[in-house]
Amino acid sequence: MGHSAAVWDYRAAIEVTRDWNGIVQVVLRSPQGASARVSLHGGQVMSWKNNQGEELLFTSSKAIFKPPKSMRGGIPICFPQFGNLASLEQHGFARNKIWAVDENPPPLHPNDSDGKSFIDLILRPSAEDLKCWPHSFEFRLRISLTTDGSLLLISRIRNVDGKPFSFSFAYHTYLSVSDISEVRIEGLETLDYLDNLCQRELCTEQGDALTFESEVDRAYLCCTNAIAVIDHGKKRTFVIQKEGLPDVVVWNPWDRKSKSMLDFGDEEYKQMLCVDGAAVEKPVLLRPGEEWTARLELSVVPSSFCSDNLDMQKTCF
Ligand code: TA6
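Residues numbered from 1 in each chain as written. Predicted model: local features only at pLDDT ≥ 70, side-chain atom pairs only at ≥ 80, totals over all residues. Heavy atoms only, no water.

## Comments concerning the UniProt feature "binding site: substrate" (unreviewed entry) in the protein
Moving on, step 1. According to UniProt, the positions carrying the feature "binding site: substrate" (unreviewed entry) are Arg 72, Gln 90 and Arg 95. The greatest C-alpha distance among the annotated residues, which extend across 24 residues, is 13.4 Å, indicating that they converge on a single site. Cross-referencing the annotated residues with the lining of the largest pocket gives Arg 72, Gln 90 and Arg 95.
Moving on, step 2. Here Arg 72 lies in the loop between strand S4 (44-49) and strand S5 (77-78).
Moving on, step 3. For Arg 72, a relative accessible area of 16% puts it in the buried group.
Moving on, step 4. Among residues more than four places away in sequence, those in contact with Arg 72 are Phe 58, Thr 59, Ser 60, Ala 63, Tyr 174, Trp 251, Met 261, Asp 263 and Phe 264.
Moving on, step 5. In terms of polar contacts, Arg 72 uses its side chain to reach the side chain of Tyr 174, at 2.9 Å.
Moving on, step 6. Note that Gln 90 resides in the loop between S5 and strand S6 (100-101).
Moving on, step 7. The exposure class of Gln 90 is partly exposed, given its relative accessible area of 38%. (UniProt positions renumbered as here; feature names shortened; annotations may be inferred. 1 Å grid on protein atoms, 1.4 Å probe; cavity = no way out; pocket = protein on both sides within 12 Å on 5 of 7 lines; lining within 4 Å. Helix = DSSP H or I, 4+ residues; strand = E, 2+ residues; numbered from the N terminus. Buried < 20%, exposed > 50% of the residue type's maximum accessible area, 1.4 Å probe, protein only. Contact = heavy atoms within 4.5 Å. Polar contact = N/O pair within 3.5 Å; in protein donor to acceptor, adjacent residues only side chain to side chain.)

Shown next as structure tokens:
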């Protein structure tokens, strides 16, 4: 369990519980009252609340909390593939496995620990996993809550096999919004994207902020390392900052697809938007011994914030 000596007793900031399936959940708390709940099922963030106890992530009222299926909501980890492009299950197996607490993780930068309550998890392939994806890996995931209530996810995936392997990846992030008609995304303007509703056809985003009037399922390519999801209805903006993740997947199922999902309410598309830090266009290649790191920081600021405040460096060259 992660903690660091400080005025705020991080040991008290971490609570271990079990869900109704007996699976361990860890609750991280910040000094001002924010919290994050993580399940060892899938290494999935189930909840992220601000200092006022407001839930910031979407969870379907029809979510199925029974392994191996991942809960519809929170932040499922999509690895070793995003999508259903190969023999693996949709979005890979990592989100359907029971992870373990990593008692002795290789050190991260002191900034990744100082002033944060965090938990370190690890996933290694089972014999069953190796049958369907014959590559030995260690996937270390650190989930942190900063003193100001931001949520930080750091994935470190190491090839511990004797041969190279490639994978795709996404932090499949279900944001809770007031109403999808009140939401716009800034920071994706003019970028190319693969349209999953048109056989991954390559398209180009127009010049204005992205708004929503129908189903959207797109992978934006070579994105800036920060984008803003502005929710006019709640007068708040999600700021998504990422490193090592060149792409951003944006998904809203809208009405027809919502009705086709058993673990999703017919009208729930109005209250959610998936904006995923991802590496999906170009698979990540790891040679034996190499490690890949992907960081995602989610924070919430008052809605006066806009993309002018974003650091708009591109993540692809
Ligand atoms: O976000 C893109 C996407 O691949 C959509 O096509 C949709 O399938 C969504 O992920 C949810 O996937 P899931 O396997 O969690 O139902």
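## Observations regarding the site of the ligand
Moving on, step 1. Every residue close to the ligand is listed here: Arg 72, Phe 82, Gln 90, His 91, Arg 95, His 172, Tyr 174, Asp 217, Val 249, Trp 251 and Lys 257.
Moving on, step 2. Within the side chain of Gln 90, an N or O atom sits 3.1 Å from an oxygen atom of the ligand.
Moving on, step 3. Between Arg 95 and the ligand, the recorded distance is 2.8 Å, taken from a side-chain N or O atom to an oxygen atom.
Moving on, step 4. Among the cavities detected, the one that contains the ligand is the largest pocket.
Moving on, step 5. Class assignment of the residues belonging to the shell around the ligand gives a composition of 4 nonpolar, 3 polar and 4 charged. (Near = heavy atom within 4 Å. Sits in = over half its atoms within 2 Å of the grid points. Nonpolar A, V, L, I, M, F, W, Y, C, P; charged D, E, K, R; others polar.)

## Quick notes on the layout of surface pockets
To find the voids left in a structure, one rolls a probe of water-molecule size over its atoms.
Moving on, step 1. Looking at the largest pocket, its volume works out to about 580 Å³.
Moving on, step 2. Counting residues per element, the ones that place at least two in the lining of the largest pocket are strand S15 (216-220) and strand S18 (247-252).
Moving on, step 3. Class assignment for the residues of the lining of the largest pocket results in 10 nonpolar, 9 polar and 7 charged.
Moving on, step 4. Going through the elements one at a time, strand S17 (236-243) and strand S20 (291-302) are the ones with two or more residues in the lining of the second largest pocket.
Moving on, step 5. Residue composition of the lining of the second largest pocket, grouped by class: 3 nonpolar, 3 polar and 7 charged. (Points joined across faces, edges and corners; volume = space filled by probe spheres on them.)

## What to know about the packing of aromatic side chains
Here the distance between the centres and the angle between the planes together describe a pair of aromatic rings.
Moving on, step 1. This structure, assessed with the given rule, holds 21 aromatic pairs.
Moving on, step 2. Three or more aromatic residues joined by ring pairs make a cluster, and in this case those are Phe 79, Phe 93, Trp 99, Trp 133, Phe 137, Phe 139, Phe 165, Phe 167, Phe 169, Tyr 171 and Trp 292. (Phe/Tyr/Trp six-rings, centres within 6.5 Å; stacked < 30°, edge-to-face > 60°.)

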